[in-house]
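Residue strings, one per chain:
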Amino acid sequence: EDYSPTELADDFTELQMKKLFVKIKRYVLSEEKFLDSNLKISDIAFALGTNEKYASQAIKIGSKMPFNAFINFYRINRAKKILRSTESGSISVGQVASLSGFSHQSTFQKKFKEHTGVTPYTFQRLARLNKLDEEE
């Protein structure tokens, strides 16, 4: 098969973007950078020696999400883990938001419900009921 130089360049660029995404994901997860409520795409780009445009493109290509949705995905997963592991009422929604990397409880509650279909409080209660069912 013959490839035009532009097709090869596009494929190479996509490969580079996928490799950059792997580095971004590793950085965000291993350092738990997603817990930093002030995290910006520029911080990640700087840390990995690239620019914001490339970092943003790499995230969109690799995760099929824009930057904020990508970061919030990991924040929501952390919140779910916290809510599953704590007794109902022993931790406030505001504390869960903060421990998950959200700077505002209202944003946390909105994003949590978008991702899970339920509020953090309801999720915690359901998780607790499921634990009780497993113990019986």
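An account of the accompanying structure is given in this report. (Residues numbered from 1 in each chain as written. Predicted model: local features only at pLDDT ≥ 70, side-chain atom pairs only at ≥ 80, totals over all residues. Heavy atoms only, no water.)

1. Section: helix α4 (residues 67-85)
Phase 1 of the analysis: Look at α4: 28 Å from first C-alpha to last across 19 residues, which is about the 27 Å you get at 1.5 Å a residue.
Phase 2 of the analysis: Taken as a whole, α4 has its buried residues at Phe67, Phe70, Ile71, Asn72, Tyr74, Arg75, Ile76, Arg78, Ala79, Ile82 and Leu83. (Helix = DSSP H or I, 4+ residues; strand = E, 2+ residues; numbered from the N terminus. Expected span 1.5 Å × (residues − 1). Buried < 20%, exposed > 50% of the residue type's maximum accessible area, 1.4 Å probe, protein only.)

2. Re unusual backbone geometry
Phase 1 of the analysis: The backbone phi angle of Glu32 is positive, close to 50°, even though this residue is not glycine.
Phase 2 of the analysis: Look at Glu32 and you get partly exposed, because its relative accessible area is 35%.
Phase 3 of the analysis: Positive phi, normally seen in glycine, also occurs at Lys64, with a value near 65°.
Phase 4 of the analysis: When you line up the elements, Lys64 lands in the loop between α3 (52-63) and α4.

3. So, the packing of aromatic side chains
Phase 1 of the analysis: On inspection of all chains with the given rule, the structure shows seven aromatic pairs.
Phase 2 of the analysis: Where Phe70 meets Tyr74, the ring centres are 5.4 Å apart and the plane angle is 85°; that geometry is what we call edge-to-face. Here Phe70 and its partner Tyr74 are both found in helix α4, four residues apart, which amounts to about one turn of the helix.
Phase 3 of the analysis: On the numbers, 5.3 Å between centres and 55° between planes, the contact of Phe102 with Phe108 is tilted. Considered together, Phe102 and Phe108 belong to a single accessibility category, that of buried residues.
Phase 4 of the analysis: Members of the aromatic cluster, each reached through a chain of ring pairs, are Phe21, Phe34, Phe70, Phe73 and Tyr74.
Phase 5 of the analysis: One cation-aromatic arrangement involves Arg75 over Phe102; the distance from NZ or CZ to the ring centre is 5.6 Å. (Phe/Tyr/Trp six-rings, centres within 6.5 Å; stacked < 30°, edge-to-face > 60°. Lys NZ or Arg CZ within 6 Å of the ring centre and 35° of its normal.)

4. So, the pattern of salt bridges
Phase 1 of the analysis: Applying the stated criterion to the full structure yields three salt bridges.
Phase 2 of the analysis: We note a salt bridge from Glu14 to Lys18, for which the minimum N-O separation is 3.4 Å. Of the two residues, Glu14 and Lys18 are both situated in helix α1 (residues 5-30); the distance of four residues between them amounts to about one turn of the helix.
Phase 3 of the analysis: Given a relative accessible area of 38%, Glu14 falls into the partly exposed group.
Phase 4 of the analysis: Between Lys111 and Glu114 there is a salt bridge, with its nearest N and O atoms 3.5 Å apart. On the criterion of helical spacing, the pair formed by Lys111 and Glu114 is a turn pair, its members being three residues apart in helix α6 (residues 105-116).
Phase 5 of the analysis: Lys111 gets classed as partly exposed once you look at its relative accessible area, which sits at 23%. (Salt bridge = Lys/Arg side-chain N within 4 Å of Asp/Glu carboxyl O.)

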